[in-house]
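Topology and contacts: notes
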Amino acid sequence: AFACALLNSQPMGFYAPAQIVRDAREHGVEVRPVCVNRSAWDCTLEARPDGRLALRLGFRQIKGLRDEDAGWIVAARGNGYPDVESLWHRAGVLPAALERLAEADAFAGLPLNRRDALWAVRAIRAPKPLPLFGAEGEGVVETVPNLPHMTLGEQVVEDYLALRLSLRAHPMELLRPHLPGLTAAGA
């Protein structure tokens, strides 16, 4: 609850969100990623099957996403969004907001990886759905290409660009094996 409150009080100018999340995880707190079907604007606490609480990152962690857009996403969510286009149709947010969500990997729970979500978002060009096609979409069905998977390093970099933190790995974990002469902690 303390880590959740600290994240919701950002920016504080003292501890960065990545430090707060790392400390929470080191103390046994499960931290869950931003998700279009589960997150609110603020970070929240979610019940786990074992009776403990997990910290769900909120939309506020996504750089460039507006509070108003997050409000529309939450309000129109209902039983969840099955894909990017349904979020666009129901929440009515601009493609730029959808792009921020995709860059932050917030569609991973659908499951859409970051690249596939960005591909789907970039297929949406109009600021609002056209009423001509109704709930059936814009009338264009496009096959999804087989995009290469991102490496762990690429994912961590993109996480830091979009969220200022990563739940995948610390950047030094990726660099440490390539830096000669380092002594392991505790040695």
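Preceding this section is the structure that the text describes.
Below: a short report on this structure. Everything quoted here is computed from the prediction, not taken from an experiment.

A separate point is the overall build of the protein. Looking only at helices and strands, the protein features eight helices and three strands. Reading the protein from its N terminus to its C terminus gives the helix and strand order α-α-β-β-β-α-α-α-α-α-α. Buried positions account for 37% of the 187 residues belonging to the protein. By element, 58% of the accessible surface of the protein is carried by carbon and sulfur atoms, the whole surface being about 11,200 Å².

With the rule as written, the count across this model stands at 16 salt bridges. Arg32 is the salt-bridge partner of Glu30, the closest N and O atoms lying 2.9 Å from each other. For Glu30, a relative accessible area of 30% translates into the label partly exposed. On the basis of relative accessible area, Arg32 is assigned to the buried category, the value being 16%.

Side chains of nonpolar character tend, in soluble globular proteins, to be buried together. The biggest cluster of nonpolar side chains holds 42 residues, and the ones touching the most others in it are Leu57, Leu87, Leu98, Leu101 and Phe107. Elements that contribute at least two residues to this core include exactly α1 (2-8), α2 (17-26), α3 (67-75), α4 (84-91), α5 (95-103), α6 (114-122) and α7 (152-163). When residues no more than four places from it in sequence are discounted, the contact partners of Phe107 are Val36, Val84, Leu87, Leu98, Leu101, Ala102, Leu112 and Ala117.

Considering the arrangement of structural elements, one finds Arg56 in strand β3 (residues 53-56). Here Arg56 falls in the buried class, since its relative accessible area comes to 8%. Here the side chain of Arg56 touches Glu46 through a polar contact of 2.9 Å, side chain to side chain. When residues no more than four places from it in sequence are discounted, the contact partners of Arg56 are Arg32, Pro33, Cys35, Arg38, Ser39, Cys43, Thr44 and Glu46.

Here we come to the environment of Leu57. Take Leu57: it is sitting in the loop between β3 and α3. The exposure class assigned to Leu57 is buried, which follows from its relative accessible area of 1%. In sequence terms Leu57 and Trp41 are 16 residues apart; their C-alpha atoms lie 8.7 Å from each other. What Leu57 contacts, discounting residues up to four positions off in sequence, is Leu7, Val21, Val31, Arg32, Pro33, Val34, Ser39, Cys43, Leu165 and Leu167.

Turning our attention to the state of the cysteines. Tallied over the entire structure, the rule returns zero disulfides. Its sulfur unpaired, Cys43 is 5.5 Å from the next cysteine sulfur, which belongs to Cys4. Under the relative-accessibility criterion, Cys43 is labelled buried at 4%.

Moving on, we get to the packing of α4 against α5. For the pair α4 and α5, the least separation of the axes is 11 Å and the interaxial angle reads 140°. On the basis of their axis angle, the class for α4 and α5 is oblique. As α4 runs across α5, the sense of the crossing is right-handed. On α5, the residues that touch Val84, Leu87 and Trp88 of α4 are Pro95, Leu98 and Leu101. When grouped by side-chain class, the residues that make up the contact of α4 with α5 number six nonpolar, no polar and no charged.

If you check which residues of α6 are buried, you get Arg114, Asp116, Ala117, Leu118 and Val121. If you follow the buried residues of α6, they end up packed against α4, α5 and α7. Two to three positions downstream of the cap, the backbone nitrogen of Arg115 sits 3.0 Å from a side-chain oxygen, assigning the N-cap of α6 to Asn113.

Scoring rules and cut-offs
- Along each chain, the written sequence defines residue order, and numbers are assigned to residues from 1.
- In keeping with the predicted nature of the model, local features appear solely for residues at pLDDT of at least 70, side-chain atom pairs appear and are counted solely at 80 or more, and the whole-chain, interface and lining totals rest on all residues.
- Side-chain measures here rest on the full set of heavy atoms in the structure, leaving out hydrogens and waters.
- Helix numbers and strand numbers start at the N terminus; a helix is a DSSP run of H or I with at least 4 residues, a strand a run of E with at least 2.
- Buried, partly exposed and exposed residues are distinguished by accessible area as a fraction of the type maximum, computed with a 1.4 Å probe on protein chains only: under 20%, between the cut-offs, and over 50%, respectively.
- The method behind every accessible area is Shrake-Rupley, applied with a 1.4 Å probe, and residues are considered shielded solely by the protein chains displayed.
- One side-chain nitrogen of Lys or Arg within 4 Å of one carboxyl oxygen of Asp or Glu is enough to make a salt bridge.
- Only buried residues count toward a nonpolar core. Its members are Ala, Val, Leu, Ile, Met, Phe, Trp, Tyr and Cys residues joined through side-chain atoms within 4.5 Å.
- We call two residues in contact whenever any of their non-hydrogen atoms come within 4.5 Å of each other.
- In the analysis that follows, any N or O atom pair within 3.5 Å is treated as a polar contact, provided that within protein one partner can donate a hydrogen and the other can accept it, and provided that, for residues neighboring in sequence, both atoms belong to side chains.
- By convention in this document, the label disulfide applies to cysteine sulfur atom pairs within 2.5 Å.
- Helix axes are fitted to C-alpha atoms over the stretch in contact, other axes to C-alpha atoms as well, and angles between N-to-C directions run from 0 to 180 degrees.
- Angles below 35 degrees are treated as roughly parallel, those above 145 as roughly antiparallel, those between 65 and 115 as roughly perpendicular, and all remaining angles as oblique.
- Take the far helix as the reference: if the near one is turned anticlockwise from it by less than a right angle, the crossing is left-handed, and if turned clockwise, right-handed.
- For this scheme, ten residues count as nonpolar: Ala, Val, Leu, Ile, Met, Phe, Trp, Tyr, Cys and Pro. Four count as charged, namely Asp, Glu, Lys and Arg, and the remainder, Gly too, count as polar.

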